[in-house]
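The residues making up each chain are set out below.
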Amino acid sequence: MIIAARRLTKEFEIKANSAFGKPLRLRAVDSVDIQVGEGQIVGVVGESGSGKSTLGRTLLGLLSPSAGTVLFDIPDDVLREYDGFRRDGDAKGAASIEMEYSIFKKKGEKLKKIRSGMNMVFQDPYSSLDPRMNVMSIITEPLLAMNYMKPDKAVDRCMELLEEVGLPRDFAYRYPHELSGGQKQRVALARGMATLPKFLVLDEPTSALDVSVQAQILSLLRKIREKYHIGMVIITHNIAVISYMADQVNVMYAGKIVESGPKEDVILNPVHPYTIALISAVPGKMVKPNRIILKGDTPNLINPPQGCVFHPRCPMAFGICGWTADEIATDLKYLVNDKFAGSFNDKAVVSTGAGGSLVINNASAGDEGVLERIINEEKGNMKSLTAIEGLERHGTNIELKIKGYRVPKMYNHDGRKVSCLLYAGDDNKA
Amino acid sequence: MEYTLNVSNLKEQFYTRRGIYKALNGVDILLRKGEILGIAGESGCGKTTLGLTIIGLLPRNAVVTDGEILLDGKDLIATLREFASKEANNPNLRHSENIMKKLNKQLINVRGSRISMVFQDPMTSLNPVLRIGYQIAETLMVHQPEVLAKRRLARSKVKDDDLREALKLLENGADEQSIKAFAETRQLEGIEEQLLNIWRRNDLGIARKEKMILSLRSERLGGFDMAVLQRVVSQGRIDGWMRIPGLNRMSKAVLIKEGNTKAVELLSSLEIPNPEEVVKMYPHELSGGMRQRIIIAIALANNPELVIMDEPTSALDVTVQAQILDLLKHLKQRFNTSFILISHDLSVLAEVCDRIGIMYAGRIVEVATVDAIFNKPLHPYTTMLISAVPTIKGGEIQGIGGAVPDMRFPPSGCMFHPRCPYVMDKCRENNPQMKYVEDEHLVACYLYEGQKGEQN
Ligand SMILES: Nc1ncnc2c1ncn2[C@@H]1O[C@H](COP(=O)(O)OP(=O)(O)OP(=O)(O)O)[C@@H](O)[C@H]1O
Ligand SMILES: Nc1ncnc2c1ncn2[C@@H]1O[C@H](COP(=O)(O)OP(=O)(O)O)[C@@H](O)[C@H]1O
Ligand code: SF4
Ligand SMILES: [Mg+2]
Ligand SMILES: [Mg+2]
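Here we summarise the structure given alongside this text. All values reported here derive from a predicted model rather than from experimental measurement.

## Topic: the overall build of chain B
When helices and strands are tallied, chain B shows 18 helices and 12 strands. Its C-alpha atoms put chain B at 80 × 55 × 40 Å along the principal axes. The buried share of chain B, reckoned over its 456 residues, is 52%. Carbon and sulfur atoms provide 50% of the accessible area of chain B, an area that totals close to 20600 Å².

## Here's the deal with the sheet that holds strand β6 (residues 115-118) of chain B
All names here are of chain B. Strand order in this open sheet of 8 strands is β6-β7-β8-β3-β9-β10-β12-β11, and the pairing throughout is mixed. The open sheet is flanked by β6 and β11 (435-438), the only strands paired with a single partner. Within the sheet, the average angular offset between the axes of one strand and its neighbour, ignoring direction, is 20°. Of the pairings in the sheet, the one linking strand β3 (residues 36-40) to strand β9 (residues 355-360) comprises 4 bridges and is parallel in character. Its bridge partner lying in β9, I39 is registered against G357.

## Focus: empty space enclosed by the protein
Residues and elements named next belong to chain B. Under the criterion given, the structure shown has 5 cavities of 30 Å³ or more. In this structure, the largest cavity encloses a volume near 120 Å³. D28, I29, L30, V367 and L442 are the residues nearest the centre of the largest cavity, which is lined by 10 residues in total. Counting only elements with at least two residues in the lining of the largest cavity, the list comes to β2 (19-32) and β10 (363-369). No other element matches β2, which puts 3 residues into the lining of the largest cavity. Its residues placed into classes, the lining of the largest cavity shows 7 nonpolar, 1 polar and 2 charged.

## Focus on the coordination of the magnesium ion (ligand 5)
All names here are of chain B. Around the magnesium ion (ligand 5), the protein contributes the donor atoms T48 (OG1) and Q120 (OE1), which lie 1.9 to 2.2 Å from the metal centre. In this pair, T48 sits in helix α1 (residues 47-54) while Q120 sits in the loop between β6 and α4 (132-143), placing the two residues 72 residues apart along the sequence. Q120 sits in the partly exposed class, given a relative accessible area of 42%.

## What to know about the nonpolar core
Within the largest apolar cluster, 104 residues are counted, with the highest numbers of intra-cluster contacts made by A:L189, A:L221, A:I239 and A:L371. When sequence neighbours within four positions are dropped, the list of residues in contact with A:L371 reads A:L332, A:V336, A:F344, A:I360, A:L391, A:I398 and A:L400. By size, the runner-up hydrophobic cluster in this structure holds 75 residues, among which are B:I136, B:A137, B:L327 and B:V365.

## Some words on the interface of chain B and chain A
The interface of chain B with chain A comprises 45 residues on the first partner and 37 residues on the second. Both sides of the chain B and chain A interface together cover about 3200 Å² of buried area, and 58% of this is carbon and sulfur. For A:R222, the salt bridge identified is with B:E396, shortest N-O distance 3.2 Å. For the side of chain B that touches chain A, the elements supplying multiple residues, two or more each, are α9 (206-214), α14 (318-334), α15 (346-352) and α16 (370-375) of chain B. Across the side of chain B that touches chain A, the residue classes break down as 18 nonpolar, 15 polar and 12 charged.

## Observations regarding the sheet that holds strand β4 (residues 62-71) of chain B
All names here are of chain B. One open sheet accounts for 4 strands, arranged β2-β1-β4-β5; its pairing is antiparallel. Unpaired on one side and paired on the other, β2 and β5 (74-75) mark the two borders of the sheet. Judged from the 8 bridges that link them, strand β1 (residues 3-16) and β4 form a sheet pairing that is antiparallel. Residue pairing for β4: E12 is matched across the bridge by V64. Across the sheet, α1 touches β1, β2 and β4, and the angle it forms with β1 is around 115°.

## Comments concerning the site of ligand 2
Residue and element names in this part refer to chain A. Residues in close proximity to ligand 2 total 13 residues, the closest being G49, G51, K52, S53 and T54. K52 has a polar backbone atom sitting 2.8 Å from an oxygen atom of ligand 2. Within the contact set of ligand 2, an oxygen atom lies 2.5 Å away from a side-chain nitrogen or oxygen of T54. Computed on the free molecule, ligand 2 has an accessible area of 570 Å², of which 62% lies beneath the protein chains in the complex. Of all the secondary structure elements, the ones that give two or more residues to the shell around ligand 2 are β1 (3-14), β2 (24-36) and α1 (52-59). Ranked by residues supplied to the shell around ligand 2, first place goes to α1 with 3 residues.

Criteria and cut-off values
Residues numbered from 1 in each chain as written. Chains lettered and ligands numbered in written order. Predicted model: local features only at pLDDT ≥ 70, side-chain atom pairs only at ≥ 80, totals over all residues. Heavy atoms only, no water. Helix = DSSP H or I, 4+ residues; strand = E, 2+ residues; numbered from the N terminus. Buried < 20%, exposed > 50% of the residue type's maximum accessible area, 1.4 Å probe, protein only. Areas by Shrake-Rupley, 256 points an atom, 1.4 Å probe, with all protein chains shown as cover. Pairing = 2+ DSSP bridges. Axes fitted to C-alpha atoms, helices over the stretch in contact; angles between N-to-C directions. 1 Å grid on protein atoms, 1.4 Å probe; cavity = no way out; pocket = protein on both sides within 12 Å on 5 of 7 lines; lining within 4 Å. Points joined across faces, edges and corners; volume = space filled by probe spheres on them. Nonpolar A, V, L, I, M, F, W, Y, C, P; charged D, E, K, R; others polar. Donors = N, O, S within 2.8 Å, 3.2 Å for Na, K, Ca; no water. Core = buried A, V, L, I, M, F, W, Y, C linked by side-chain atoms within 4.5 Å. Contact = heavy atoms within 4.5 Å. Buried area = accessible area lost by both parts, 1.4 Å probe. Salt bridge = Lys/Arg side-chain N within 4 Å of Asp/Glu carboxyl O. Near = heavy atom within 4 Å. Polar contact = N/O pair within 3.5 Å; in protein donor to acceptor, adjacent residues only side chain to side chain.

The structure is reproduced here in structure tokens:
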């Protein structure tokens, strides 16, 4: 593998609201495993804020991870050995392999060598090119900075690269403001390829471009992959672009990879509830009759939902996905005091207490029977109700017991990996 | 055929130090009542310029050199044409500013109430320091103060009996007409809208709605407020004495308060959860999707005949975009408004539009139903635009060679000719006119000459 990341995690410190408060931690990337083979295109798709760019930067060592590791140019059998050490808890074995391959363990010349073996093309062609430098300086900068070649050689290389990305030679003397969006992105690509890297991260390479220009850039990227066998990670929110370009697809949600596998499986036959919704939301002429419209928004990463981070929006969520007493109480209030108000004591109140208790106060005799029936009727729509394990009466109170929850791991399912408790198999029965 | 909007041969130029940009070069649009027309095209083809011109918001360096914009048959931009014909060759931009002032005055009763626009840049649309409810209330107060006044007066007159009666009607499935008739016979005009809006809420259960309807009466009106509201109803607007400083604030307060109440109803009709809380929030407290819903709510607040939406979902994530597109489909069924939906993304338009117009270099070069645009595109540009977009099903894509022209020096003849694979001699010399090739299918391209009659 050109690149393999294991349990890669990146947290940012955010200023607290009050001057005395502890700084808050925002986990932008959470325990990500990802790998890229030689000449392989791996897609990372997700909505804004899901951690795609942060993952890309951490993979290249531009950000240092809070946990986990990135291994560069590691033979497949060594990687298997490494995964074996990790599984068996052999810290020493794992550390010795990290010593050899981790990009975070390299210094000096070795680090420089690795650096010239990988590169990034950024999201926004309008701000990623220095406006004071001409195209020649932009493209040759990485060559000279890494002492990759002598200045006169670098000029030749620049001309070669311009040709490679389909720009006339005289563009070498233009400045960014004299280029169109597509031309800027070609220059950024030429710069990214200058040192003939083995690994390239492309962050939203076409998001700022018109579709006609996007098509040109995408076919250029394919050509480059064929010719130089560069391993690429393409980051985008555009599922169709991923579908066109990638061999392997990783779907990110709230810092986690929720589904990962071959494009044909993940895009055409998704299994994670989020991927299913994401792909059904792609607009198009063939409006799907079974389109899933997700409720709400992506979660706050400073204080993410417990259990499965997707559970508050998940159309398939069930009892152990992470429901809290507060989440259940919101739905119960609607049922008890509004939708079915006539069926309960007028004074019935839903309340939550410390330690996650959930109680209905001032219940009349027989209310728990009604409640039980209503919960059964409504839990198809209100997934939070599936987490209610039982009712118990204490005087005029009905106490509700909430099921324990689990945090999904990566499970193998139908040719891909998926992080959803629906696929936990035996692990689920525990 | 009755058209809400009829734009013909609209031409517009921007005067800059670096030259004259020919942004619009003869745009034609016919928009029916209740229809959604999509406008698609690459960046810089003039989509936003077109939208802004229809609503009469032009930058000061813009000159409309020709064309008409008719809203329900009335010309909106005669003033602009007049200016251009007087100063055709070297317009004085200072004069242009005066013209804009004049235009603004003319359009004061059109903009925001008969035509409204959702702008491309979502950050500029909401005022960051005002609460959501206030911002909605303000547009309502400016454009329809009498509607707010009637609502409030009706609540001060209504009796418990009336409300119980109304509730019974609603529970028995009464339609809009009969609720209206009910309000009229009891001289409670203004109450019908509130009854229906509460009754239609999906976020509340029946018990809450009953309670809300039965408590519509409880608010009392002071003497001053009563006088203000009665005056607004009889004049149909906020008139003279209410503008007197001092009185101004006080007389508006009652209208703004009522606007807030109506804002809650509007937000709930846009499927915004907890609208009572949302009206108290500031824009930054809301997610991008919520902000966009509120911007749409403001655009729809006064029941305009035409709403122009410029890239309403382009800044949103796909799952949120799907929510908004779903909402637009519902709105179309509920309001009898015509929409122009601008997007660079054809597949977004495919979801909600009845017809799509393809724009290139300041002209609409093809208009047809969504089906025809995708299954039977005629203009070479349309074909290439569609085949440039990757789909999730995979399959090859085709880039369009060349680039959009520099509109200071637009190409001769058909402006697409430098990029067109089928270019003929006459394409370089003459500009093809829009022609009907089939009912509902118009195209401006010499490949289809003589297939059917001229545009009529
Ligand atoms: N005030 C102005 N002065 C000069 N040129 C302008 C002005 N406003 C717009 N233009 C130019 O007019 C052309 C059309 O611009 P417009 O904003 O309508 O394009 P658009 O189709 O909405 O593009 P996008 O998809 O990028 O929003 C562009 O070439 C633009 O640069
Ligand atoms: N330097 C930073 N400091 C603090 N938070 C950051 C920083 N960079 C990114 N984040 C946060 O991390 C999360 C993921 O961001 P990002 O990786 O840019 O997502 P994406 O590229 O998927 O849109 C977001 O909540 C973002 O605000
Ligand atoms: S674990 Fe699976 S089913 Fe449960 S909430 Fe998460 S995605 Fe949905
Ligand atoms: Mg990003
Ligand atoms: Mg625009």
